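Reading the structure
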Amino acid sequence: MSSDKLFTQFNLKNFTLKNRIGVAPMTRMSAAKKSIPRQDVFDFLVRRAKNGVSIIYTEAIITDYESAQGYPGQSRMLTQKQIDAWKPVVNDIHKEGSIAIMQMFHCGRMAWLDVNPSNRVIAPSSIRPKQDNPLTEAPYPTPESMSQFDIDHVINGFVETAKGAIEAGFDGVEIHGAHGYLINQFLSSYSNNRTDEYGGSVLKRFRFAHEVIEAVSKVIPEDRLLVFRISDWGIADMDVSLFKTKDDYQEVVKLLSKEPIDILSVSTYEYNQKAFATDKTMAQLTREMTEIPIFICGGIFDRASADEALEDADIVLSGKSLLLNPNWVEEIRSKKALKRYQSEEASIAYTEEVLP
Ligand SMILES: Cc1cc2nc3c(=O)[nH]c(=O)nc-3n(C[C@H](O)[C@H](O)[C@H](O)COP(=O)(O)O)c2cc1C
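Everything in this summary refers to the structure shown in the same document. (Residues numbered from 1 in each chain as written. Predicted model: local features only at pLDDT ≥ 70, side-chain atom pairs only at ≥ 80, totals over all residues. Heavy atoms only, no water.)

1. Here's the deal with the pattern of salt bridges
Selection criterion: Just to be clear on terms, a salt bridge is a Lys or Arg side-chain nitrogen sitting within 4 Å of an Asp or Glu carboxyl oxygen. Numbering goes from the N terminus for both helices and strands, where a helix is a DSSP run of H or I of at least four residues and a strand is a run of E of at least two.
Applying the stated rule across the entire model yields 23 salt bridges. Measuring nitrogen to oxygen at the nearest pair gives 3.0 Å for the salt bridge that ties arginine 120 to aspartate 150. Of the two residues, arginine 120 sits in the loop between β5 (99–105) and β6 (122–123) while aspartate 150 sits in helix α3 (residues 148–168), which places them 30 residues apart along the sequence. One network of salt bridges, with partners in common, ties together Glu66, Arg120, Glu144 and Asp150.

Okay, structure coming up:
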């Protein structure tokens, strides 16, 4: 089914988006010692705004100088230099009539000790992923279970990073609660077997996410956006369903919809895959539980998939297609037949090759 919804405006709080297309957050691992991305990575984001994308996401920005880092060359938003480096980028995105959202994350048990300043891995529980780290080809280290001090300290990192993004001029901040990273680790009984107030029931597993959202929301001005990203899959142990059941997932969505967030960004492998042995997709199961605007991402690569994904969401995000094809927006507008990119092709993101 084809409609023109994709190229209609969308009112998101006080913003009017020119279309329903966003570039998904993509880590580029380009930052050297100062935790500032390479210029061509900045330029790429501005170019995607020039290419017609209405929402430009940063890569996942790490929230502290201690235990948050999971990959080499990640960026931070914690020093004046880091903040100032982003200001012209955000400004140039605005000049194109697009909005800029910073994603922030703590990797939790997905840490890589050699790149992590504290040389320490923390997570809700001392459970490591089953698979090896594909980058180091070694087992992930067994994490330390977080103390209350660790929890408070990590939440403060999210708050400080959000403040940095606001100072840099970003229109919104996304809390990365997906892909098996720290917040997702608390939400999932696969990685959380705590017996205190942060583990056990869905409500208790949700507590950490709630505390992060609550603390971050206090530093987000009324005219900016707060987004939460969620997924049922993680980067490690990819076949595992992190919420296990539809009821667990929907209870989390229900809890999220009571939080001060403006958007729920749902990340999938395939936007049209049926979830939790039901005949519904993740977007449909999410929509059943909330009125909050929904972003959907995963396997959207041509006009037909974008139109279909938009039936159950408000905005479509593309990762690989917008990474590799600078003309994607125009090509889906003209309904050109397009190829679907493979993950291997996206690894160009981590090289010094300048993307068009
Ligand atoms: C190179 C690359 C880096 C990524 N980095 C992030 C990231 O930093 N944060 C995040 O939430 N997702 C990240 N993702 C996942 C994408 O946001 C998106 O969910 C995924 O690529 C599926 O969308 P697609 O099928 O349109 O590519 C990354 C994906 C790619 C290809």
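2. Some details on the packing of aromatic side chains
Under the convention used in this document: Between 30 and 60 degrees the pair is tilted, below 30 it is stacked and above 60 it is edge-to-face, where a pair is any two Phe, Tyr or Trp rings, Trp via its six-membered ring, whose centres lie within 6.5 Å. Throughout, exposure labels follow a simple rule: accessible area from a 1.4 Å probe, protein chains only, divided by the maximum for the residue type, with under 20% read as buried, over 50% as exposed, and the rest as partly exposed.
Applying the stated criterion across every chain, the model contains nine aromatic pairs. Their ring planes at 85° and their centres at 6.4 Å tell us that tyrosine 71 and tyrosine 181 sit as a pair that is edge-to-face. Pair noted here: tyrosine 71 is in the loop between β4 (55–62) and α2 (80–95) and tyrosine 181 is in the loop between β10 (172–176) and α4 (182–187), with a separation of 110 residues, a long-range link. Given the relative accessible area of 15%, tyrosine 71 is considered buried.

3. Things to note about helix α6 (residues 246–257)
Basically, it comes down to this: The span you would expect from a helix comes to 1.5 Å times its residue count less one. For this analysis, residues touch if any pair of their heavy atoms sits within 4.5 Å.
Taking 1.5 Å as the rise per residue, α6 with 12 residues should run 16 Å; its terminal C-alpha atoms sit 16 Å apart, in good agreement. When α6 is considered as a whole, its buried residues turn out to be Asp248, Tyr249, Gln250, Val252, Val253, Leu255 and Leu256. Elements that come into contact with the buried residues of α6 comprise α4, α5 (202–217), β11 (225–231), β12 (263–267) and α7 (282–287).

4. Examining the site of the ligand
Worth spelling out the cut-off: By convention in these notes, a residue is near a molecule or strand provided one of its non-hydrogen atoms lies within 4 Å of it. For this analysis, a polar contact is any N or O atom pair within 3.5 Å, provided that within protein one partner can donate a hydrogen and the other can accept it, and provided that sequence-adjacent residues contribute only side-chain to side-chain pairs. Using the Shrake-Rupley algorithm and a 1.4 Å probe, accessible areas are obtained, with residue cover drawn only from the displayed protein chains. Nonpolar residues are Ala, Val, Leu, Ile, Met, Phe, Trp, Tyr, Cys and Pro. Charged residues are Asp, Glu, Lys and Arg, and all others, Gly as well, are polar.
Lining the immediate environment of the ligand, one finds 19 residues, of which Thr27, Gln103, Arg229, Gly299 and Gly319 sit closest. One nitrogen or oxygen atom from the side chain of threonine 27 is found 2.5 Å from an oxygen atom belonging to the ligand. Look at the ligand: alone it shows 610 Å² of surface, and the protein chains cover 88% of it. Grouping the constituent residues of the shell around the ligand by class yields eight nonpolar, nine polar and two charged.

5. Comments concerning the sheet that holds β12
Going by this rule: Paired strands are those between which DSSP finds at least two bridges. Only the contacting stretch of a helix is used when fitting its axis, a line to C-alpha atoms as for every element, and angles between N-to-C directions run 0 to 180 degrees.
Read around the barrel, eight strands follow the order β3-β4-β5-β10-β11-β12-β13-β14 and close on themselves; strand pairing throughout is parallel. Each neighbouring strand pair of the sheet contributes to a mean axis angle of 25°, computed without reference to strand direction. The pairing of strand β13 (residues 294–297) with strand β14 (residues 315–318) spans three bridges and is parallel. Note that in β14 the partner of isoleucine 296 across the bridge is valine 316.

6. Side note on the pairing of β13
How we decide: The definition of a right-handed crossover adopted here requires that, viewed with the strands pointing away, the path from the first strand over the helix to the second runs clockwise.
Neither face of β13 is left uncovered, since the one carrying Ile294 and Ile296 and the one carrying Phe295 and Cys297 both have all their residues buried. As paired strands, β12 and β13 are joined by four bridges and run parallel to one another. Bridging from a neighbouring strand, serine 265 pairs with phenylalanine 295 of β13. Once you follow β12 into α7 and on to β13, the crossover reads as right-handed. In this view, the connection linking β13 to its parallel neighbour β14 by way of helix α8 (residues 303–309) has right-handed handedness.

7. Considering the environment of lysine 280
With respect to the helices and strands, lysine 280 occurs in the loop between β12 and α7. When the C-alpha positions of lysine 280 and serine 267 are compared, they lie 15 Å apart, and in sequence the two are 13 residues distant. Not counting chain neighbours up to four residues away, the residues in contact with lysine 280 comprise Gln273, Lys274, Ala275, Leu285 and Glu288. Among the polar contacts listed, one links the side chain of lysine 280 to the side chain of glutamate 288, at a separation of 2.7 Å.

8. Brief notes about the nonpolar core
How we decide: Residue types Ala, Val, Leu, Ile, Met, Phe, Trp, Tyr and Cys, when buried and joined through side-chain atoms within 4.5 Å, form a set referred to as a nonpolar core.
Core analysis: the biggest nonpolar cluster contains 88 residues, and Ile21, Ile175, Phe208, Val216 and Phe228 have the highest contact counts within it. Residue contributions to this core peak at nine residues, all from α3. The residues contacting isoleucine 175, other than those within four sequence positions of it, are Met104, Phe158, Ile183, Val212, Ile213, Val216, Leu226, Val227, Phe228 and Arg229.

9. Some points on the pairing of β5
The element β5 is extensively covered by neighbouring structure, given that seven of its seven residues are classed as buried. Every second residue of β5 is oriented toward a common face, with Ile99, Ile101, Gln103 and Phe105 on one face and Ala100, Met102 and Met104 on the other, all of them buried. One ladder, built from six bridges, connects β4 with β5; its direction is parallel. Within β5, the position partnered with isoleucine 62 by the bridge is phenylalanine 105. Both β5 and β10 contribute to a ladder of four bridges, which runs parallel. Paired with methionine 104 across the two strands is isoleucine 175, which belongs to β10.

10. With respect to α5
Note the following rule: To obtain the bend at a residue, axes are fitted to the seven residues ending there and to the seven starting there, and the angle between these axes is taken.
The first and last C-alpha atoms of α5 sit 22 Å apart over 16 residues, in line with the 22 Å expected at 1.5 Å per residue. Maximum bend of α5: about 35°, positioned at phenylalanine 208. Val202, Arg205, Phe206, Phe208, Ala209, Glu211, Val212, Ile213 and Val216 are the residues of α5 that are buried. Of the surrounding elements, those touching the buried residues of α5 are β5, α3, β10, α4, β11 and α6.

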